[in-house]
Amino acid sequence: MFFNLKDLAVNALLQNKKAALLIGGAGVAVLGLGLGYKYLRKPEKVVRVGVVSQLLIHPLKSGRAVSVALAECQNIGLKFGELQDRHWLVVTEDGHMVTGRQEPRLVLVSLTCEGGQVCLNGPNMEELRFPVKQPDNPVIDCRVFSSDIQGRDCGEEASQWLTRYLGAEKTFRLVHFEPQMRARRPVEMEPLFPQYEVAYPDVGPVMLLSEASVKDLSGKLEKDVTVDRFRPNIVIGDCDAFDEDSWEEIQIGSVRLQRVMSCGRCIFTTVDPETGIINRKEPLETLKSYRLCKPSEKHIYKSSPLFGQLHTVKKTGILQVGDVVYKISR
């Protein structure tokens, strides 16, 4: 009986050793797999592709751009002080948006902020000033394309200023998107790109375009066009025409941007940003001659020519003119 007990003890010890070896081996295997995954993962490849030549904020949708040397890149778009990209909107009395497509002279209206005051300026109009924050004013339910979104009414003086400037029989109002308001998901992009939101921009929070692409287009036109006509937020220099089409992910300073889609162009491109006159033909017709989408993408872009790229913000931060732009690939 003594020897049987001894044999049992030895067998148990041997079994425990085997178990320990198995457990230890499994741990090493798991650790090896983890380390292997770490080192087998493709590292990010970073390639310099250009430099930021301009940063443009359009506080008023369809209004003049404000050129800045640096801007905060938030998830919802570019911000400089109290100016935020496309955070003011002209609407009809029933809340439907009004853009340069319907009222081309809106492109000549300048909206800036100074000392907590909004400053509205336009040709042959006296400057109008009113507070950025007007908490006692009503919040209006607005309609931007097919989406509902709120806006704080900017008051009667702003309404009268815009109505007088646009010279129409109907009344226009100005609304402001405030931080506590719920942003919108562009309805037309919901099935494809559901993970981002915007205030009053058409589709994406950041639009990027290269100087070379604009120069390429100008070379095909009787009269040169400028970047202003296409209303980008980030203008890139030191690259070739349409290089930006292939940048799926880019790093600018501490900011990381992810391409969403190309920017499909409409009749708004035929409004001259210097005169506010719409010709309804160029440069749209020329763009259609060589910048249409692939047949497989017609369900997205239809007959709109593609010019510029729309991006979402993966990592927020500060952008500056002169920042180097890096393409990220794996």
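Above this text sits the structure in question.
Quick notes on the rules
Residues numbered from 1 in each chain as written. Predicted model: local features only at pLDDT ≥ 70, side-chain atom pairs only at ≥ 80, totals over all residues. Heavy atoms only, no water. Helix = DSSP H or I, 4+ residues; strand = E, 2+ residues; numbered from the N terminus. Buried < 20%, exposed > 50% of the residue type's maximum accessible area, 1.4 Å probe, protein only. Contact = heavy atoms within 4.5 Å. Areas by Shrake-Rupley, 256 points an atom, 1.4 Å probe, with all protein chains shown as cover. Salt bridge = Lys/Arg side-chain N within 4 Å of Asp/Glu carboxyl O. Core = buried A, V, L, I, M, F, W, Y, C linked by side-chain atoms within 4.5 Å. Pairing = 2+ DSSP bridges. Patch = residues over 30% accessible without salt bridge, like charges linked within 9 Å, V, L, I, M, F, W, Y side chains within 5 Å. Phe/Tyr/Trp six-rings, centres within 6.5 Å; stacked < 30°, edge-to-face > 60°. Lys NZ or Arg CZ within 6 Å of the ring centre and 35° of its normal.

Observations concerning the overall build of the protein
Part 1 of the argument: A count of helices and strands for the protein gives five helices and 20 strands.
Part 2 of the argument: Relative to its 330 residues, the protein shows a buried fraction of 48%.
Part 3 of the argument: For the protein, long-range pairs separated by at least 24 residues make up 68% of all intrachain contacts whose partners lie at least 6 apart in sequence.
Part 4 of the argument: Here the protein displays about 17200 Å² of accessible surface, and carbon together with sulfur accounts for 54% of that area.

Quick notes on the pattern of salt bridges
Part 1 of the argument: Inspection of every chain in the model, using the stated rule, returns 20 salt bridges.
Part 2 of the argument: Salt bridges sharing common partners tie together E44, E249, R256, K314 and R330.

Description of the nonpolar core
Part 1 of the argument: If you look at the biggest cluster of nonpolar residues, it comprises 48 residues, and the most contacted ones within it are L174, I234 and L257.
Part 2 of the argument: Considering every element that reaches this core, the biggest residue donor is helix α2 (residues 156–166), with five residues.
Part 3 of the argument: L257 has contacts with C73, V206, I234, E248, E249, I250, I252, H311, T312, V313 and K314, leaving out every residue within four places of it along the chain.
Part 4 of the argument: In this structure, L89, C142, V175 and Y200 belong to the second largest nonpolar core, which totals 14 residues.

Quick notes on the environment of R259
Part 1 of the argument: Within the fold, R259 resides in strand β17 (residues 255–264).
Part 2 of the argument: For the pair R259 and E248, spaced eleven residues apart in sequence, the C-alpha separation works out to 5.0 Å.

Considerations on the pairing of strand β9 (residues 117–121)
Part 1 of the argument: In this sheet, β9 lies alongside strand β8 (residues 110–114) in antiparallel orientation, the contact comprising five bridges. Bridge pairing in β9 places E114 opposite Q117.
Part 2 of the argument: As consecutive antiparallel partners, β8 and β9 are separated by two residues, and within that stretch G115 has a phi angle of approximately 55°, a positive value.
Part 3 of the argument: Bridge count between β9 and strand β10 (residues 128–131): four bridges; the pairing is antiparallel. Its bridge partner being in β10, V118 is matched across the sheet by F130.

Observations concerning the pairing of β10
Part 1 of the argument: Of the two faces of β10, only the one carrying L128 and F130 is buried; R129 and P131 on the other face are not.
Part 2 of the argument: Connecting the antiparallel pair β9 and β10 is a turn made up of six residues, with N124 showing a positive phi of about 60°.

Here's the deal with a nonpolar patch on the surface
Part 1 of the argument: On the surface, a cluster of nonpolar side chains totalling about 240 Å² of accessible area is made up of L70, F80 and I318.
Part 2 of the argument: Relative to the elements of secondary structure, I318 occurs in strand β19 (residues 317–320).

Considerations on the packing of aromatic side chains
Part 1 of the argument: According to the stated counting rule, one finds five aromatic pairs in the structure shown.
Part 2 of the argument: Taken together, a centroid distance of 6.1 Å and an interplanar angle of 65° make the contact between F242 and F307 edge-to-face. Residue F242 is located in the loop between β15 (234–237) and β16 (249–252), and its partner F307 is located in strand β18 (residues 306–315); the two are separated by 65 residues in the primary sequence. With respect to burial, F242 and F307 carry one shared label: buried.
Part 3 of the argument: Through a chain of ring-to-ring contacts, the aromatic side chains of F230, F242, Y290 and F307 assemble into a single cluster.
Part 4 of the argument: Over the ring of Y165 we find R105, and its NZ or CZ is 4.2 Å from the ring centre.
Part 5 of the argument: Between the NZ or CZ atom of K220 and the centre of the ring of Y290, over which it lies, the distance is 4.5 Å.

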